[in-house]
Amino acid sequence: MQTLGLSDSTPRTESRGRALFWPTIRNDGDFDYVTRQGFWVCFLIGGVTLVVSIFSGASAMAYFESIFFFLAAFGIRERSRAAAISAFSAYLLDLIVLEAYTGTGLGVLRVVSLALLFANIRGSWLSSRWTEAPETPLDSFRMNQTIIDKLVDQLPTFLWPKIKYVFYIYTAVMIALLLFLLLRAPVFAR
């Protein structure tokens, strides 16, 4: 394995928790892992929000939010720092709004999701500080064999250049709506 360059000569010293929440990002492979993780976090947040909205008869804001996280997933996978910051900010504001209205905003799963979204911002920031060109082209990490590969690796590459400006406008509207809801919260109405 070492002869082929498929494994490091020393084992990784990171724990599983550190690899998830505060990963070491030294190369494009590490950053690709973080963006894949961010894609799945946003995709699951959007999916759970959509399913809960359908079955609970939630407001239009919940549908709006689920679309936002689906779009953010594509941006994060395509290494957009703006998408990573937007997803983290919107999710944080959403947690604060939920806490202000219902008192259920700070669940363990939500805080873990927030930490995973923060790892994407950190990964984007660390990768932007690299001075040399990437040693491996981005396409070498992307697979195309299964439906999951097509969803995670191929669809964002195709879709993100077409929707990124729509996403930026959508983000501004989403953040404005969340701030409006936060300011109207019963906590601040006193």
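Residues numbered from 1 in each chain as written. Predicted model: local features only at pLDDT ≥ 70, side-chain atom pairs only at ≥ 80, totals over all residues. Heavy atoms only, no water.

Describing the overall build of the protein
Working step 1: The secondary structure content of the protein amounts to six helices and zero strands.
Working step 2: Going residue by residue from the N terminus, the α and β elements of the protein occur as α-α-α-α-α-α.
Working step 3: Counting only residues that meet the buried cut, the protein has 39% of its 190 residues in that class.
Working step 4: Counting every atom, the protein has about 11,100 Å² of accessible surface; 67% of that belongs to carbon and sulfur. (Helix = DSSP H or I, 4+ residues; strand = E, 2+ residues; numbered from the N terminus. Buried < 20%, exposed > 50% of the residue type's maximum accessible area, 1.4 Å probe, protein only. Areas by Shrake-Rupley, 256 points an atom, 1.4 Å probe, with all protein chains shown as cover.)

Considerations on the confidence of the model for the protein
Working step 1: Averaged over all residues, the pLDDT of the protein is 80; the fraction at 70 or higher stands at 77%.
Working step 2: Long-range and interchain partners of residues 7–11, a stretch whose pLDDT sits below 50, account for four contacts in this model, where long-range means more than four residues apart. (pLDDT = per-residue confidence, 0-100. Contact = heavy atoms within 4.5 Å.)

Brief notes about a nonpolar patch on the surface
Working step 1: Together, V51, I54, F55 and Y63 line one region of the surface with nonpolar side chains, adding up to about 430 Å² of accessible area.
Working step 2: Examining the composition of the nonpolar patch, we find that three residues originate from one element, helix 2 (residues 28–56), more than from any other.
Working step 3: With respect to the element layout, V51 can be found in helix 2.
Working step 4: Owing to a relative accessible area of 43%, V51 belongs among the partly exposed residues under this scheme. (Patch = residues over 30% accessible without salt bridge, like charges linked within 9 Å, V, L, I, M, F, W, Y side chains within 5 Å. Salt bridge = Lys/Arg side-chain N within 4 Å of Asp/Glu carboxyl O.)

Describing the pattern of salt bridges
Working step 1: Scanning the entire structure with this criterion turns up one salt bridge.
Working step 2: Residue D32 pairs with R77 through a salt bridge whose shortest N-O separation is 2.9 Å. Separated by 45 residues along the polypeptide, D32 in helix 2 and R77 in helix 3 (residues 60–77) bring together distant segments of the chain.
Working step 3: A relative accessible area of 7% means that D32 is categorised as buried.

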